[in-house]
Amino acid sequence: MRRWALPAAALALVALAVAVLLVVLQPAPAATRQEQARALAAELRCPDCESLSVAESRTAAAAAIRAEIEEQLAAGRSPADIRDTFVARYGEWILLQPMSPLIWLVPIVALLAGVAVFGWWLRGRRPSPSAPTDARDIAAVERQRIRDEADLLDG
Amino acid sequence: MSRLGRWRWLLVPVLVLPISWLLFTGLGRDPRTIPSPLIGKPLPSISGTTLDGAQWDSASLAGKPALINVWASWCAPCVTEHPLLLDVARRDAGRLQVVGVLYQDTADSAAAFKARHGDGGWPDVDDASGRVAVSLGVTGPPETFFVDAAGIVRYHQVGPLTAEVLAQQLPLIGIAP
């Protein structure tokens, strides 16, 4: 394995991680109240159906949450505030995305750790320089052993 | 080999332990059970019109322990738990308030349910819009909130009440068996 391959792979993964973070953390552009309501509804899980956002669901609970989002935005509260209100009632469960975007780094860190362990294992497998490495050396060692044993028999 | 060999024993704790921990704790959890963040917090302010047409506000609960029961006539487990609620309301009348929240249902169906399964006489807030349920963080009936005299939520039962749940949780809101 070439010496630079491992560091290069690690560097590429770090670059990927940074790119993911930048995409996840980029601030939402300023929006109209309707767009804000729609964006917030898309972040919340519909409480009485599975795996749908409040924006997509047509259940009564989703409609009630949309109505409440509209009201609170009209009352001048920020989307982050309103999100916190729902988290306080339902728990983090209500959020379709985890609170901390750092969680997205976990698979990348796990991959890096895997690469590191694999590299370490490869280094461990590389034969030590003192050991015979090709067929001719092995033959030499064998010949020497046979000679030694013959000497023992003669002696 | 010698480099790895010396550390090979580490493989067991580093790989096996976290994976078994994940399997034991993660897979044992029911993904449908939702932790209740309201426990230990004041009951959110809720209000609405009862089936009798009266205005009801959670401020009226102050000073007395309460059970807030979210139910619907179409909800089968609500039928199972109903006799327990009737029992508790009768037994602890005077020191415990029971309030129903009718979840996504019609007044007619609710009346039919009470005629068939018994009417405890407690107020039922008609939550056709779902706003009360959303204020409480309800995901589906039956759910019951145990609120103490100070207005703090002490327990949140998701699913039907049982005699065991009542015996264990009522003391938390100051109702000794």
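Numbering of residues starts from 1 in every chain and runs along the sequence as written. Chain letters start at A and ligand numbers start at 1, both assigned in the order the entries are written. At least 70 in pLDDT is required for a residue's local features to be given in this predicted model, at least 80 for side-chain atom pairs to be given and counted, and no such filter applies to totals for whole chains, interfaces and linings, which use all residues.

### Topic: the overall build of chain B
The number of helices and strands found in chain B is six helices and seven strands. Each helix (α) and strand (β) of chain B, taken in turn from the N terminus, gives the series α-α-β-β-β-α-β-α-β-α-β-β-α. Both definitions apply: the radius of gyration is a C-alpha atom measure, and the globule rule equals 2.2 Å times residues to the power 0.38. Taking 2.2 N^0.38 as the reference for a compact globule, 177 residues should give roughly 16 Å; the C-alpha atoms of chain B span a radius of gyration of 22 Å, well beyond that estimate. For chain B, the spread of C-alpha atoms along the three principal axes comes to 80 × 30 × 30 Å. Residues classed as buried in chain B amount to 32% of the 177 residues present. We call two residues in contact when the distance between their C-beta atoms, placed using the backbone, is within 7 Å. Here the analysis covers contacts within chain B between residues at least 6 apart in sequence; of these, 75% occur between residues at least 24 apart. Only DSSP runs of H or I covering at least 4 residues are called helices, and only runs of E covering at least 2 are called strands; the numbering of each starts at the N terminus. The burial criterion counts other C-beta atoms lying within 10 Å of a residue's C-beta, which is placed from the backbone; the residue is buried at 20 or more, exposed at 12 or fewer, and partly exposed between these limits.

### Quick notes on the interface of chain B and chain A
In this complex, chain B contributes 19 residues to the contact, which on the side of chain A involves 17 residues. Elements represented by at least two residues in the side of chain B that touches chain A include exactly helix 1 (2-7) and helix 5 (131-136) of chain B. Broken down by element, the side of chain B that touches chain A gets its largest block of residues, five residues, from helix 5 of chain B.

### Section: the confidence of the model for chain A
As a per-residue measure, pLDDT tells how confident the predictor is, with possible values from 0 to 100. Averaged over chain A, the pLDDT score is 84; the fraction of residues at 70 or greater is 89%. Taking the mean pLDDT of every element in chain A, the minimum, 79, falls on helix 1 (residues 5-25) of chain A and the maximum, 93, on helix 3 (residues 60-74) of chain A.

### Comments concerning the packing of helix 1 of chain A against helix 5 (residues 105-125) of chain A
Residue and element names in this part refer to chain A. Lines are fitted to the C-alpha atoms to define the axes, a helix being fitted only along its stretch in contact, and any angle between axes, read from their N-to-C directions, falls within 0 to 180 degrees. Closest axis-to-axis distance for the helix 1/helix 5 pair is 10 Å, and the angle between their directions is 175 degrees. Taken together, the axes of helix 1 and helix 5 lie roughly antiparallel to each other. The residues of helix 5 that touch helix 1, namely those facing Leu-6, Ala-9, Ala-10, Leu-13, Leu-16 and Ala-17, are Leu-105, Ile-108, Leu-111, Leu-112, Val-115 and Gly-119. Of the residues contributing to the contact of helix 1 with helix 5, the split by class is eleven nonpolar, one polar and no charged. Orientation categories follow fixed angle ranges, with anything under 35 degrees roughly parallel, anything over 145 roughly antiparallel, 65 to 115 roughly perpendicular, and all other angles oblique. For this scheme, ten residues count as nonpolar: Ala, Val, Leu, Ile, Met, Phe, Trp, Tyr, Cys and Pro. Four count as charged, namely Asp, Glu, Lys and Arg, and the remainder, Gly too, count as polar.

### Description of the pairing of strand 4 (residues 97-103) of chain B
Residue and element names in this part refer to chain B. Taking burial as the measure, the seven residues of strand 4 include six buried ones, the bulk of the element. Sheet topology places strand 3 (residues 66-71) next to strand 4; six bridges connect them, and they run parallel. Within strand 4, the position partnered with Leu-67 by the bridge is Val-98. Convention used here: a crossover is right-handed provided that the path from the first strand, over the helix, to the second strand proceeds clockwise when the strands point away from the viewer. At this point the chain moves from strand 3, through helix 3 (residues 76-91), to the parallel strand 4, and the crossover so formed is right-handed. When DSSP finds at least two bridges between two strands, those strands are taken to pair. Across four bridges, the pairing between strand 4 and strand 5 (residues 124-127) is parallel. Bridge pairing in strand 5 places Leu-102 opposite Asp-126. For the crossover from strand 4 across helix 4 (residues 107-117) to strand 5, the handedness is right-handed.

### A short note on helix 3 of chain A
In this model, helix 3 of chain A (15 residues) spans 21 Å end to end at C-alpha, consistent with the 21 Å of a helix rising 1.5 Å per residue. Inspection of helix 3 of chain A places Ala61(A), Ala62(A), Ala64(A), Ile65(A) and Ile69(A) among the buried residues, and these make up the whole buried set. The buried residues of helix 3 of chain A occupy one face: seen down the axis, they fall within an arc of 160 degrees. Tucked into the core, helix 3 of chain A has its buried residues touching helix 2 (33-43) and helix 4 (79-90) of chain A together with helix 5 of chain B. Expected span of a helix: the number of residues minus one, times 1.5 Å. Summarising the geometry, the arc corresponds to the directions from the helix axis toward the C-beta atoms.

### Quick look at the nonpolar core
If you look at the biggest cluster of nonpolar residues, it comprises 44 residues, and the most contacted ones within it are Ala61(A), Ile65(A), Ile68(B), Val101(B), Tyr103(B), Ala133(B) and Val147(B). Sorting the residues of this core by element identifies helix 2, helix 3 and helix 4 of chain A together with strand 3, helix 3, strand 4, helix 5 and strand 6 (143-147) of chain B as the ones contributing at least two each. Dropping the residues within four chain positions of it, Ile68(B) is found in contact with Val99(B), Val101(B), Thr144(B), Phe145(B) and Val147(B). In these notes, a nonpolar core means any group of buried Ala, Val, Leu, Ile, Met, Phe, Trp, Tyr and Cys residues linked to one another through C-beta atoms within 7 Å.

### Focus on the environment of Gly48(B)
In this fold, Gly48(B) is placed in strand 1 (residues 47-49). Discounting residues that sit within four places of it in the chain, Gly48(B) has contacts with Trp56(B), Val125(B), Asp126(B), Asp127(B) and Val132(B).

### Structural notes on the sheet that holds strand 7 (residues 153-158) of chain B
Residues and elements named next belong to chain B. Here five strands make up an open sheet; going across it, the order is 5-4-3-6-7 and the pairing mixed. Looking at the sheet topology across the chains shown, the edges are occupied by strand 5 and strand 7. Within this sheet the neighbouring strands show an average axis-to-axis angle of 15 degrees, counted without direction.

### A closer look at the pairing of strand 6 of chain B
Residues and elements named next belong to chain B. Of all five residues in strand 6, five are buried, a share of seventy percent or more. Here strand 6 shows a buried face lined by Glu-143, Phe-145 and Val-147 and a second buried face lined by Thr-144 and Phe-146. Bridging between strand 3 and strand 6 involves five bridges; their strand directions are antiparallel. The residue bridging Ala-66 from the neighbouring strand is Val-147, located in strand 6. Relative to strand 7, strand 6 runs antiparallel, the two being bridged by five bridges. Among the inter-strand pairings, Val-147 is bridged to a residue of strand 7, identified as Val-153. Count of turn residues in the strand 6/strand 7 antiparallel hairpin: five residues, of which Gly-151 carries a positive phi of about 85 degrees.

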